[in-house]
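# Coordinate inspection notes
Chain by chain, the residues run as shown.
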Amino acid sequence: MSENPSLSNLLKEERRFAPPAELAAQANVTAEAYEQAKADRLGFWAEQARRLTWATEPTETLDWSNPPFAKWFQDGRLNVAYNCVDRHVEAGNGDRVAIHFEGEPGDSRSITYAELKDEVSRAANALLELGVRKGDRVAVYMPMIPETAIAMLACARIGAAHSVVFGGFSADALATRIEDADARVVITADGGYRRGKPSALKPAVDDAVSREGTTVEHVVVVRRTGQEVAWTEGRDVWWHELTQKQPAEHTAEAFEAEHPLFILYTSGTTGRPKGILHTSGGYLTQVAYTHWSVFDLKPETDVYWCTADVGWVTGHSYIVYGPLANGATQVMYEGTPDTPHQGRFWEIVQKYKVSILYTAPTAIRTFMKWGDDIPAKFDLSSLRVLGSVGEPINPEAWIWYRKHIGGDRTPVVDTWWQTETGGIMISPLPGVTEAKPGSAQRPLPGIAATVVDDEATEVPDGGGGYLVLTEPWPSMLRTIWGDDQRFLDTYWSRFEGKYFAGDGAKKDDDGDIWLLGRVDDVMLVSGHNISTTEVESALVSHPSVAEAAVVGAADETTGQAIVAFVILRGTAAETADLVGELRNHVGATLGPIAKPKRILPVGELPKTRSGKIMRRLLRDVAENRQLGDVTTLTDSTVMDLIQEKLPAAPSED
Ligand code: ATP
Ligand code: MG
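No experiment lies behind these values; they were computed from the predicted model shown.

Criteria and cut-off values
- Residues numbered from 1 in each chain as written.
- Chains lettered and ligands numbered in written order.
- Predicted model: local features only at pLDDT ≥ 70, side-chain atom pairs only at ≥ 80, totals over all residues.
- Heavy atoms only, no water.
- Helix = DSSP H or I, 4+ residues; strand = E, 2+ residues; numbered from the N terminus.
- Buried < 20%, exposed > 50% of the residue type's maximum accessible area, 1.4 Å probe, protein only.
- Contact = heavy atoms within 4.5 Å.
- Pairing = 2+ DSSP bridges.
- Axes fitted to C-alpha atoms, helices over the stretch in contact; angles between N-to-C directions.
- Salt bridge = Lys/Arg side-chain N within 4 Å of Asp/Glu carboxyl O.
- Patch = residues over 30% accessible without salt bridge, like charges linked within 9 Å, V, L, I, M, F, W, Y side chains within 5 Å.
- Areas by Shrake-Rupley, 256 points an atom, 1.4 Å probe, with all protein chains shown as cover.
- Lys, Arg positive; Asp, Glu negative; His and termini not counted.
- Charge placed at Lys NZ, Arg CZ, Asp CG, Glu CD.
- Core = buried A, V, L, I, M, F, W, Y, C linked by side-chain atoms within 4.5 Å.
- Expected span 1.5 Å × (residues − 1).

## With respect to the overall build of the chain
On a plain count of helices and strands, the chain comes out with 20 helices and 30 strands. Along the first, second and third principal axes, the C-alpha atoms of the chain reach 75 × 60 × 50 Å. Each of the 653 residues in the chain was classed as buried or not, and the buried ones make up 64%. If you take every contact in the chain between residues at least 6 apart in sequence, the share linking residues at least 24 apart comes to 72%.

Take a look at the structure:
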């Protein structure tokens, strides 16, 4: 992007949605919060830290004497698990359900805060019996079951950092992460249920820990499916045997606010994953505050459901730490949205009267593809706030979500953040913000974000460029595990004194922020920087398109040419006429410069295991190259299908 400082600002979206009066009248946060935080940012965060129960109250909010290595609340001491569990029981809420677990085969169980306290205490005692100590690392490789949260909290309780590895990752991916973190123990399960059948987890662990020089001493195995597992005596232990014999009492020790809480490797959308380190006091402060403010959480009455996997940061911050710190009641679902039928999510919303739903654009676009009639069969009237995270949400998907899931009533909050930021950074507030479909809009109170050009100068309203964070925030990553230099190089070297997130963004005429995708994906067409997100959103706004992925492929005349891969909606037929119509539709929406040169209808798009479109592989296809690394793909056969189709696809020359 160097020769062309700013991104074109092509997409015009004029629809506006005021917060529902009823919600605004009783919202947790009012517009005043922005003013208050602006007047005294550190004072604002010091106040938010008082949501937590500290063994020693912090007197210093931020030490930024050695940037970018931040210390938040550093003289404070607390126990994160105590904050997420015990204190709710002590406050008389032990009977409140913490987790309604819904297994994929249809089994369910509800765990109260009092029960969770016993389970976490037993698990903490169990880890101590295995020799795990404060400062050690524990790898967690699990399906979506309550024991996953219990294991994480047990680690936090004894001061061991967990490193959760998504259960869909291979033995190799697991081995690299275990090795990078020097984990002493792996907590896993025999398997979990996915797409109607038990899948196995233990074989990958056996493979990963059998490698030379492994640091792993014990493998703890939860029995979830009852399938046969290979067993190594002395090393392997059953979770139930180990935990059942432990006392349900464990006194939680308070640790320094900067004590490591977890390492989490980024999703690997762009390359080699980085071990992001998060610590205790600042992290918990921000995830608790944002979960309460962005979702307008009322812990006594709301039923919250975040559909992410605990293996991603969304699961860490908005299934485990944020909701539990706030004493929320939540749903945890093990399986996939189409098992045993495509209405499974809506059946769960109806069953538990879910009032707050947090999911990803990839899921929303899939539901659009499946058809409006599916959610229409269920009672979704309990919903009052909808959230989105993971990728830019196309305005049309936003509208669909609000209309077909939110009954045309609920606010939709598009939350921008990353593994590195630990918590939500940019998002509307449901009781305050007049929402714009497709925009994350404003940094939250206490957060400083803006858009700059190549020279690090803030762009004016209406301009595009790079999203940067200009002030430290409590839940910021502290470093890349074991690699301070990579931390500096990756995030702090592009713009002096600013954190660069890797994402392109624009400001609209009101100064609201629109995310435009990763800067690596930005296309340069005839001297104009064009964002993939805007072209994709234009395609998705056509009634025949459910999902689109756009890349720039090398082109002799224009430098790069826009190539679009589209998934058509249920009834649309793939014809040359339709392709021409789509091309014209993009031209009419964004301008002739953004017209794709080629449009290919495809059956599937390559996605990472966290559901994000992997454009670099599509670029390889469009440029006729050998495919790059496909290990983080969910399904590598989709690339073969796309490759076969490409030569036949018409091109507008
Ligand atoms: P890697 O860093 O390993 O390539 P990743 O960036 O996909 O993987 P995550 O930390 O899970 O890993 O994702 C954060 C990224 O997801 C953001 O940088 C941004 O590109 C995208 N993202 C998340 N939420 C939003 C959102 N609301 N709007 C736009 N983009 C979003
Ligand atoms: Mg990233």
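The rest of the description comes next.
## As for the sheet that holds strand β23 (residues 479-480)
What links the strands of a sheet is backbone hydrogen bonding, and the strands pair in either a parallel or an antiparallel sense. Strand order across the open sheet formed by eight strands is β12-β11-β8-β6-β7-β14-β15-β23, with mixed pairing between neighbours. With partners counted over all chains shown, the strands left at the sheet margins are β12 (236-238) and β23, one partner each. Its contacts with the sheet place helix α7 (residues 171-181) against β6 (137-141), β8 (185-189) and β14 (260-265), and it is angled at close to 145° to β14.

## Describing the pattern of salt bridges
A full pass over the atoms with the stated rule returns 42 salt bridges. Linking R195 and D338 is a salt bridge whose minimum nitrogen-to-oxygen distance equals 3.4 Å. Remark: D338 occurs in the loop between β17 (329-333) and α12 (344-352) and R195 occurs in the loop between β9 (191-194) and β10 (197-200); sequence separation between them is 143 residues. Overall, the relative accessible area of 52% leaves R195 in the exposed class. By relative accessible area, which is 28% here, D338 ends up partly exposed. The salt bridge partner of K202 is D206, with a shortest N-O separation of 2.8 Å.

## Regarding the sheet that holds strand β25 (residues 513-518)
If you walk across this open sheet you meet the four strands as β21-β22-β24-β25, and the pairing is antiparallel. Either end of the sheet is taken by a strand with one partner, and the two such strands are β21 (449-452) and β25. Pairwise comparison of adjacent strand axes, ignoring direction, gives a mean angle of 45° for this sheet. Here strand β24 (residues 499-507) pairs with β25 via four bridges, running antiparallel. For K507, the partnering residue across the bridge sits in β25 and is I513. The strands touched by helix α17 (residues 532-540) within the sheet are β24 and β25, with β25 carrying the most contacts at an inclination of about 105°.

## Description of a negative patch on the surface
A grouping of E604, D635, D640 and E644 is seen on the molecular surface, where their side chains present a negatively charged patch. Relative to the assigned elements, D640 resides in helix α20 (residues 637-645). Classification of D640 by relative accessible area gives partly exposed; the value is 42%.

## Looking at the nonpolar core
Among the nonpolar cores identified, the biggest contains 135 residues, and L116, F295 and Y321 are the most heavily contacted of them. Ranked by the residues each element gives to this core, the list is headed by helix α6 (residues 146-158), at nine residues. Counting 54 residues, the second-largest nonpolar core is a separate cluster that includes W305, L380, I530 and V545.

## Looking at helix α10 (residues 281-294)
Between the first and last C-alpha of α10 there are 20 Å, a value that for 14 residues agrees with the 20 Å anticipated at 1.5 Å per step. The buried fraction of α10 is high, at 13 of 14 residues. Just beyond α10, the residue with positive phi is D296, at close to 55°.

## Description of the environment of L633
Within the fold, L633 resides in the loop between α19 (615-622) and α20. Residue classification places L633 among the buried positions, given a relative accessible area of 2%. C-alpha of L633 to C-alpha of P203: the two residues are 430 residues apart in sequence and 20 Å apart in space. Setting aside residues up to four positions removed in sequence, L633 forms contacts with P606, K607, R609, M614, L617 and M639.

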